[in-house]
Structures are given as structure tokens and as C-alpha cells.
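Spelled out from the first residue to the last, the chains are:
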Amino acid sequence: MRIMAFDYGTKRIGIAVSDSMQIIASPLTTIHPEGIWKFLSDYLAGEQVETFVIGKPKQLDGTASGSDQHVVGFSRKLRKTYPNIPIVEVDERFTSKIASRAIAQSGMKKSKRQDKQLIDKVSAVLILQTYMDSKSY
């Protein structure tokens, strides 16, 4: 079974999934929040997901950020829609900065490095990898 991670934003949701052995985190897609429920319905019709992992936005001091309310609403609806799939929250501080830096170091052209969809997908991978690394101890 796979693990699916979300980097939730009000304009885009970056989505990453693990392989079935839960070893490798890979970017899947980005989607507008309005399309997430159809996407999940279609995806879950063909794949089994064991756990949802959601990046929890926090300030530097660890308190909730301004976008936290949107993530809470998404998490609440996800829990209601898929009650049999546990939800885990992971601190997502710095994931966008780390994703941007990793993309910049990859040697991609500047126009591709500034692609916000790519940054959101890579951020979702970082969130998922953080969770999978924490599970392995």
C-alpha cells in the first residue's frame, strides 16, 4: 500500500506518493483545490493508500501560520470523506525553500526552476520523505 502526501495551498495542492514498498517518495501531480476530491476518488479507485500525510504550516516559533486554517479545513474534509485512512501531519517549515534550492541545483533552466507547480510537487515529496524517514526508526 502507498502513502500519499499533500502540500496544501489555496491555489495548488502538491501531491506525492510512495512506492508500494514505502521506500521511495515520488512527485505525482499538482491540482487546484477544487479538483482534489475528484482526483482522489479516481486515484483511490485504482490504488490503495494506507496513510495520508499533510504538511502542517508553522511559523518559525512553532505556532500555527496564517494558512493553517485552510489546511485544517482540508484535513477535516479528508478525514470525513476517507474515514478509514489515517491522517498524519508533518511540520512543513522550509519545504518550499528546500524544494526551490534543490530544483535550482538540479541544473534546470530558470523558467522551469520558477515553476510553482514543480516547487509544490517537490515540497510534497519532502513532506512524504520526512514522514517515511520518521517511521523507519
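Just so you know, these numbers come straight off a predicted model, no measurement behind them.

Thresholds applied
- Residues numbered from 1 in each chain as written.
- Predicted model: local features only at pLDDT ≥ 70, side-chain atom pairs only at ≥ 80, totals over all residues.
- Heavy atoms only, no water.
- Patch = residues over 30% accessible without salt bridge, like charges linked within 9 Å, V, L, I, M, F, W, Y side chains within 5 Å.
- Areas by Shrake-Rupley, 256 points an atom, 1.4 Å probe, with all protein chains shown as cover.
- Salt bridge = Lys/Arg side-chain N within 4 Å of Asp/Glu carboxyl O.
- Buried < 20%, exposed > 50% of the residue type's maximum accessible area, 1.4 Å probe, protein only.
- Core = buried A, V, L, I, M, F, W, Y, C linked by side-chain atoms within 4.5 Å.
- Helix = DSSP H or I, 4+ residues; strand = E, 2+ residues; numbered from the N terminus.
- Contact = heavy atoms within 4.5 Å.

Student: How do you make sense of a nonpolar patch on the surface when you look at a structure like this?
Tutor: Side chains of Met-21, Ile-23 and Ile-24 sit close together on the surface and give an oily, nonpolar patch of about 350 Å² of accessible area. Here Met-21 falls in the exposed class, since its relative accessible area comes to 62%.

Student: Would you take a moment to explain the nonpolar core for this structure?
Tutor: Across soluble globular proteins, you tend to see nonpolar side chains buried next to one another. Ranked by size, the top nonpolar core spans 22 residues in total, and within it Met-4, Phe-6, Ile-36, Leu-40, Phe-52, Phe-74 and Leu-78 carry the most contacts. Secondary structure elements with two or more residues in this core: β1 (2–8), β2 (13–18), α1 (36–46), β4 (49–56) and α2 (68–81). Setting aside its immediate chain neighbours within four residues, Phe-6 contacts Ile-13, Gly-14, Ile-15, Ile-36, Leu-40, Phe-52, Val-53, Ile-54, Gly-55, Phe-74, Leu-78 and Ile-127. Counting 12 residues, the second largest nonpolar core, distinct from the first, contains Ala-5, Ala-16, Ala-25 and Leu-128.

Student: How do you make sense of unusual backbone geometry when you look at a structure like this?
Tutor: Where the residue is not glycine, phi is negative for most of them; where a peptide bond is considered, it is trans in most cases. Not every positive phi belongs to a glycine, and Gln-22 is a case in point at roughly 60°. Considering the arrangement of structural elements, one finds Gln-22 in the loop between β2 and β3 (25–31).

This is a description of form; function is not addressed.
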